[in-house]
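Residue-level structural notes
Chain by chain, the residues run as shown.
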Amino acid sequence: MQFTRSVRAVGQDDVVIDDASLVRAAFGDLPGADVSAISPADRPTRRWLAGVVLGAQGRYAAAATLLGPLRAVRDPVLASLAASTLAAHRRQLGGHVAARRLDAEALTHLAQLGRPGVTRSVEELVLAEAAGVTESAARVDALLGLAADAVGLGRVDEARRLLAAAERELGLERQPERRGRPGRRGGAGETGPPPLPQPADWRGQVRAGWVGAEIELAAGRAEAAVPLAEAAGRLARTAGAARHVLKSDLVLGTALAVAGQAESGIGEVVAGSTVVGRDEDAAGSAIARLPTCIALLGCVLNHTVDLGLLSLVWPAALVLAQHAPDESAELLDWANNALSCVLRAADPIGRRIAAASPWVPSALLHSGEPPNAAGWAKFLTDKAPDRVKVGAQASDRGCGTSLGCRKESP
């Protein structure tokens, strides 16, 4: 595996944050946009969108500053979305118990619907429609959040029930042979991407695919997780949602790697190695999976670095390190530095959650000042890992045409 150096940082392109750009930053093709100009005095929907973007970039303290006050606004849908978004940020640091309380709060907010006193300006209504600020989207977010919380707490059966409730809200038809597979019902408007993202339609379906795949992985059914992640990726690509494509590919790469290991034995599948004591055909099939999953995960790591999506960088580096032994030391260092920068940009609650969480490897947590204390921007420019060179074999499961991995000179 060969590498070259990445130097792109968040905010490099000086995106003008008008309403349309904010929607694209949260759910479209501008996930690396600099939204730091959005303040707590801005319009509520803009603050929620900026909180979504900041969380994806691993800037949890800034996100919490915007999302916290939104939980108390009189608009129950926006308050619900703010709570479930903050829950996702807690969950990304391993805080499933804290996230569960926030996701339950998100459902409670929706019980206030129909009460008088909620009004939106015309400008806010237009943005809310484009951003998917609807009762259905908020309910789906809360239910899927609770399902993900249940997975993290080892409650797989509960997670399945919550996922099924979210799917009913989405109007999805379940596929018996592929539990929880996200998909569309028949109808018009399915052949191409919409002019602006429509999160109430596709975003819940993509997240349902992620949660469904995570449930299958937790249940030891990695093979069943693969088509769920693939379908989520197809939907995300159709919507032109870069961050959702990368998260889908991270889930898919993980499922492929685990499925490969399950076929030939945990820890025995290493490209080029000899697997002893296993059926030769099964072992060969498992080993054949690894170049694809390594290429795919390398592609995810490259693009998350390019876009400054630190919330995905450190888990992508960790998963890749487990399946690319020749580069594991460098990749673990990369994960350590990425997580250190995330924790520096987290609020005190987020840091305490990470320190106490069994989901965050203790080897990546340091007492005292985290390494590379110059900050996340310096980390992206001065400490960036060499770029994984990805071959053409990743194209069918990889980053696709909109996020194609570039072949670069060494």
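Quick note: structure is the one above.
Below is a short write-up of the structure.

Definitions and cut-offs
Residues numbered from 1 in each chain as written. Predicted model: local features only at pLDDT ≥ 70, side-chain atom pairs only at ≥ 80, totals over all residues. Heavy atoms only, no water. Helix = DSSP H or I, 4+ residues; strand = E, 2+ residues; numbered from the N terminus. Expected span 1.5 Å × (residues − 1). Buried < 20%, exposed > 50% of the residue type's maximum accessible area, 1.4 Å probe, protein only. Salt bridge = Lys/Arg side-chain N within 4 Å of Asp/Glu carboxyl O. Polar contact = N/O pair within 3.5 Å; in protein donor to acceptor, adjacent residues only side chain to side chain. Core = buried A, V, L, I, M, F, W, Y, C linked by side-chain atoms within 4.5 Å. Contact = heavy atoms within 4.5 Å. 1 Å grid on protein atoms, 1.4 Å probe; cavity = no way out; pocket = protein on both sides within 12 Å on 5 of 7 lines; lining within 4 Å. Points joined across faces, edges and corners; volume = space filled by probe spheres on them. Nonpolar A, V, L, I, M, F, W, Y, C, P; charged D, E, K, R; others polar.

1. Brief notes about helix H2 (residues 44-56)
- Compared with an ideal rise of 1.5 Å per residue, which puts 13 residues at 18 Å, H2 spans 19 Å between its outermost C-alpha atoms and is within 8% of the ideal.
- Within H2, 12 of the 13 residues are buried, which leaves the element mostly enclosed by the surrounding structure.
- Looking only at H2, the buried set comprises Thr-45, Arg-46, Arg-47, Trp-48, Leu-49, Ala-50, Gly-51, Val-52, Val-53, Leu-54, Gly-55 and Ala-56.
- Backbone geometry just downstream of H2 places Gly-58 in the positive-phi region, at approximately 80 degrees.

2. What about helix H10 (residues 222-239)?
- Along its 18 residues, H10 runs 26 Å from first to last C-alpha, staying within 8% of the 26 Å computed at 1.5 Å per residue.
- Extensive coverage of H10 is indicated by the burial of 13 of its 18 residues.
- Once H10 finishes, Gly-240 follows within two positions and takes phi at roughly 70 degrees, a positive value.

3. Brief notes about the pattern of salt bridges
- Summed over all chains, the structure comprises 17 salt bridges.
- For Glu-124, the salt bridge identified is with Arg-43, shortest N-O distance 2.9 Å. Here Arg-43 lies in the loop between helix H1 (19-27) and H2 and Glu-124 lies in helix H6 (residues 122-131), a separation of 81 residues in the sequence.
- The salt bridge partner of Asp-103 is Arg-91, with a shortest N-O separation of 3.0 Å. With Asp-103 in helix H5 (residues 96-110) and Arg-91 in helix H4 (residues 76-92), the pair connects residues that are 12 residues apart, well separated along the chain.
- The buried category is assigned to Asp-103, whose relative accessible area is 0%.
- Among the residues examined, Arg-91 registers a relative accessible area of 12% and is labelled buried.

4. So, the side chain of Ser-311
- Inspection of the secondary structure assignment puts Ser-311 in helix H13 (residues 310-323).
- A polar contact is formed between the side chain of Ser-311 and the backbone oxygen of Ala-56, at a distance of 2.7 Å.

5. Regarding the nonpolar core
- Val-35, Trp-48, Leu-49, Val-133, Leu-301 and Trp-314 are the most contacted members of the largest nonpolar core, which has 94 residues in total.
- Ranked by residues supplied to this core, first place goes to H13 with 10 residues.
- Every residue in contact with Leu-49, bar those within four places of it in the chain, is listed here: Leu-22, Val-23, Ala-26, Phe-27, Leu-127 and Ala-131.
- Core analysis: the second largest hydrophobic core is formed by 19 residues, Leu-163, Leu-172, Ala-208 and Val-211 among them.

6. Re the layout of surface pockets
- Roughly 1500 Å³ of internal volume is contained in the largest pocket.
- The wall of the largest pocket is formed by 43 residues, among which Arg-91, Gln-92, Glu-214, Lys-247 and Pro-315 lie closest to the centre.
- Sort the elements by how many residues they give to the lining of the largest pocket and H13 lands first, with 8 residues.
- Looking at the lining of the largest pocket, its residues break down into 23 nonpolar, 13 polar and 7 charged.

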